[in-house]
Amino acid sequence: MRRLVLCLLAVALVLQVSAARAEMFPTRTVRLIVPNPAGGSNDAAARILAQALAEIWQQPVVIENKPGGGGNIGTQAAATEPADGYTYLVSSPGPIVINPSLYKKLPFDPARDFTPVALLATVPIVLIVNPKLPASTLSELLELARNGTEELNYASSGIGSTHHLSAELFKKMTGVKLRHVPYRGAAPAMNDLVAGHVPILFDNLPTVIPQVQAGTVRALAVASPKRLNSLPDVPTFEEAGLVGFEASSWFGVLAPARTPTDIVSKVTADIERVMSSPSLRKSFEVTGAEVGTVFGPDFGRFMKQENEKWGDVIKSSGTQIIE
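Residues numbered from 1 in each chain as written. Predicted model: local features only at pLDDT ≥ 70, side-chain atom pairs only at ≥ 80, totals over all residues. Heavy atoms only, no water.

**Regarding the environment of histidine 163**
- With respect to the element layout, histidine 163 can be found in helix α7 (residues 162-174).
- When its relative accessible area of 5% is taken as the criterion, histidine 163 is described as buried.
- With 19 residues separating them in the primary sequence, histidine 163 and proline 182 have C-alpha atoms 9.7 Å apart.
- Apart from residues lying up to four places away in sequence, histidine 163 is in contact with Ser156, Ser157, Ala186, Phe202, Asp203 and Asn204. (Helix = DSSP H or I, 4+ residues; strand = E, 2+ residues; numbered from the N terminus. Buried < 20%, exposed > 50% of the residue type's maximum accessible area, 1.4 Å probe, protein only. Contact = heavy atoms within 4.5 Å.)

Below you can see the structure in the form of structure tokens.
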């Protein structure tokens, strides 16, 4: 009985210490590692979050950009940081749910090396074409791809990008043949689409909006469950006749594995709190992103589904595995 009492007292003491630690957190600078260059969509999302958290924590929240290797360099760096609650990864789908199927070997394991914290935002993907392409609707594009005199090309920001895999999912679901033309980034892909060198591109909403408004591209469908306020005249893929086609990029926060549970719980709760702020929601919406509503283990399940989805697309499309 005495041993039982001592054990219970020890557990109570640990819980009190954990609660006190979480209540005081943070007491110094918190780092957000972004495995992409400054200025991109993922970097923008991280900076919006950093500013909001710094205000409620009254501590600096700094961004560290560590690009390279398709996001693998920064992700590995975050995985090997001390699990003390003061370093987090802000990632897009690539390193976490796509690269495990795209690369033969990775220096990290997303499921083993990270704890899911929060899905910050999602960015719908839009199918756009050069205005000179004789296709004003999705059905007309499918007809052209199936019965045209030559195979159509589509651009992407690179092999394994969400742009590339969205097009491969589209090919799989429709049975059409399209030839992939990979570029070194989204900007040159868009430039060649506008110039008419390639007729088709799946791209993120924020990049698409100004081009649609300028009339330099034509949007045929959005890969979201409902129409977008920013493109109210563009139908969803389901409305256009392709039921079940959804694709998006997203940005999420992960902690190094073994980060104390009480700290992770507090950070998750604080992110959920700031995400409910009208001003923060507006900041994301201005960039074309929709604020995420998935946290903790639910975010983990979301990533697992994304991993399975894109892994299947990579396998079925015959995408070359990177050594």
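Further notes follow.
**Side note on the nonpolar core**
- Of all hydrophobic cores here, the largest spans 54 residues; its most connected members are Tyr88, Val117, Leu120, Ile128, Ile271, Met275 and Phe284.
- In this structure, methionine 275 is in contact with Leu119, Leu120, Leu280, Arg281, Phe284, Val291, Gly292 and Phe295, ignoring residues within four places of it in sequence.
- Judged by nonpolar contacts, the second largest core, of 48 residues, contains Phe108, Leu152, Leu169 and Val294. (Core = buried A, V, L, I, M, F, W, Y, C linked by side-chain atoms within 4.5 Å.)

**Brief notes about the pattern of salt bridges**
- Overall, the coordinates contain 14 salt bridges when judged by the stated rule.
- Here aspartate 113 and arginine 112 are joined by a salt bridge, their closest N and O atoms 2.8 Å apart.
- Note on aspartate 113: relative accessible area 13%, which makes it buried.
- Residue arginine 112 is classed as exposed on the basis of its relative accessible area, which comes to 52%.
- A salt bridge links lysine 304 to glutamate 308; the nearest nitrogen and oxygen atoms lie 2.6 Å apart. On the criterion of helical spacing, the pair formed by lysine 304 and glutamate 308 is a turn pair, its members being four residues apart in helix α12 (residues 297-317).
- Using a relative accessible area of 52% as the deciding quantity, one classes lysine 304 as exposed.
- Within the structure, one salt-bridge network assembled from shared partners comprises Arg31, Glu64, Lys66 and Glu81. (Salt bridge = Lys/Arg side-chain N within 4 Å of Asp/Glu carboxyl O.)

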